[in-house]
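# Structural characterization, general
One-letter residues, chain by chain:
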Amino acid sequence: MNDRVRRWLIAICLAAFVVRAGLALFAEHPGVADPNHYYNLGRQLVAGRGFETDYLWHYYNPPETITHPDDFWMPLAGVLAAGGMALFGESVQGALVPFIVLGSLLPLAVYAAARQFGCAPECALYAAGFGAALPEYVMNSVRTDTLIPNALFVTLAITLLVA
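Throughout what follows, the structure given in this document is the object of discussion. The shown structure was predicted, so the numbers you read here are calculated from the model rather than taken from an experiment.

## Observations regarding the overall build of the chain
In terms of regular secondary structure, the chain is built from 7 helices and 2 strands. Across the chain, helices and strands are ordered from the amino to the carboxyl terminus as α-α-β-β-α-α-α-α-α. A principal-axis box enclosing the C-alpha atoms of the chain has dimensions of 60 × 35 × 25 Å. Relative to its 163 residues, the chain shows a buried fraction of 39%. On the chain, roughly 9,000 Å² of surface is accessible, and the fraction owed to carbon and sulfur atoms is 67%. Charged side chains in the chain number 8 positive and 12 negative. The centres of these two groups are separated by 18 Å.

Structure representation (structure tokens):
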């Protein structure tokens, strides 16, 4: 990778971070439904109560009590939210920090994937720019949900499998 491409890639990632961080300033809640559940799980983890839910979230596996082990959803989003709250305070913005960072790293993964699949560096930069600006990715970077971690890790996994 030459210096010009490296500078553009860094600029794309920084722009992605600035946009996401700016949007997070306006976030009053972590998102509706699943993101809210992951945020609450993060709060439970930060409080030292572990993977526990103190409300009824679903009736697929009816719990014996209101407070019960969290046995239904994937744990990573809650762990990420807890990490953000542990480092930056128990707030929506604190919980969003890991998702903002991961969303800002998506252009790197998209660039690597595009190069891996034979795109020229300039074409891969366009792909990285689209990865940074895709509205679904931008909005989900300011929610405590699974889409951003999954998009990043699946992109990296596929890229590494093809390597």
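## Brief notes about the packing of helix H1 (residues 3-24) against helix H5 (residues 121-133)
Orientation of H1 relative to H5, taken along the N-to-C sense of each, is 5°, at an axis distance of 10 Å. By the angle between their axes, H1 is roughly parallel relative to H5. Contacts from Arg4, Val5, Trp8, Leu9, Ile12, Ala16 and Arg20 in H1 reach Pro121, Glu122, Leu125, Ala128, Gly129, Gly131 and Ala132 in H5. Of the residues belonging to the contact of H1 with H5, the class tally is 9 nonpolar, 2 polar and 3 charged.

## Digging into H1
Spanning 22 residues, H1 covers 31 Å between terminal C-alpha atoms, matching the ideal 32 Å at 1.5 Å per step. Next to the buried residues of H1 lie helix H4 (92-116), H5 and helix H6 (135-140). In this structure Asn2 caps H1, since a side-chain oxygen of it lies 3.1 Å from the backbone nitrogen of Arg4.

## Side note on helix H2 (residues 34-46)
With 13 residues, H2 extends 18 Å from end C-alpha to end C-alpha; this agrees with the ideal 18 Å at 1.5 Å per step. Directly after H2, the chain includes Gly48, whose backbone phi takes a positive value near 85°.

## A word on the side chain of His37
With respect to the helices, strands and loops of the structure, His37 is situated in helix H2. For His37, the contacting residues outside a window of four places in its chain are Thr53, Tyr55, Trp57, Asp70 and Trp73.

## Some thoughts on the environment of Trp73
If you trace the backbone, Trp73 turns up in the loop between strand S2 (68-69) and helix H3 (76-88). Using a relative accessible area of 25% as the deciding quantity, one classes Trp73 as partly exposed. Measuring from C-alpha to C-alpha, the distance between Trp73 and Ala33 comes to 12 Å, with 40 residues separating the pair along the chain. Contact partners of Trp73, with chain neighbours within four places excluded, come to Asp34, His37, Tyr38 and Trp57.

## Side note on the pattern of salt bridges
Here the idea is simple: oppositely charged side chains can pair when their charged atoms come close. Applying the stated criterion across every chain, the model contains 3 salt bridges. One salt bridge connects Arg6 with Asp3, and the closest N-O pair in it is separated by 2.9 Å. On the criterion of helical spacing, the pair formed by Arg6 and Asp3 is a turn pair, its members being 3 residues apart in helix H1. Given a relative accessible area of 37%, Arg6 falls into the partly exposed group. For Glu90, the salt bridge is made with Arg43, and the minimal N-O distance between the two is 3.0 Å. Of this pair, Glu90 sits in the loop between H3 and H4 while Arg43 sits in helix H2, and the two are 47 residues apart along the sequence. Looking at Glu90, the relative accessible area reads 46%, which means it is partly exposed. According to the relative accessible area criterion, Arg43 is partly exposed, its value standing at 35%.

How each quantity is defined
- Residues numbered from 1 in each chain as written.
- Predicted model: local features only at pLDDT ≥ 70, side-chain atom pairs only at ≥ 80, totals over all residues.
- Heavy atoms only, no water.
- Helix = DSSP H or I, 4+ residues; strand = E, 2+ residues; numbered from the N terminus.
- Buried < 20%, exposed > 50% of the residue type's maximum accessible area, 1.4 Å probe, protein only.
- Areas by Shrake-Rupley, 256 points an atom, 1.4 Å probe, with all protein chains shown as cover.
- Lys, Arg positive; Asp, Glu negative; His and termini not counted.
- Charge placed at Lys NZ, Arg CZ, Asp CG, Glu CD.
- Axes fitted to C-alpha atoms, helices over the stretch in contact; angles between N-to-C directions.
- Parallel < 35°, antiparallel > 145°, perpendicular 65-115°, else oblique.
- Contact = heavy atoms within 4.5 Å.
- Nonpolar A, V, L, I, M, F, W, Y, C, P; charged D, E, K, R; others polar.
- Expected span 1.5 Å × (residues − 1).
- Polar contact = N/O pair within 3.5 Å; in protein donor to acceptor, adjacent residues only side chain to side chain.
- Salt bridge = Lys/Arg side-chain N within 4 Å of Asp/Glu carboxyl O.

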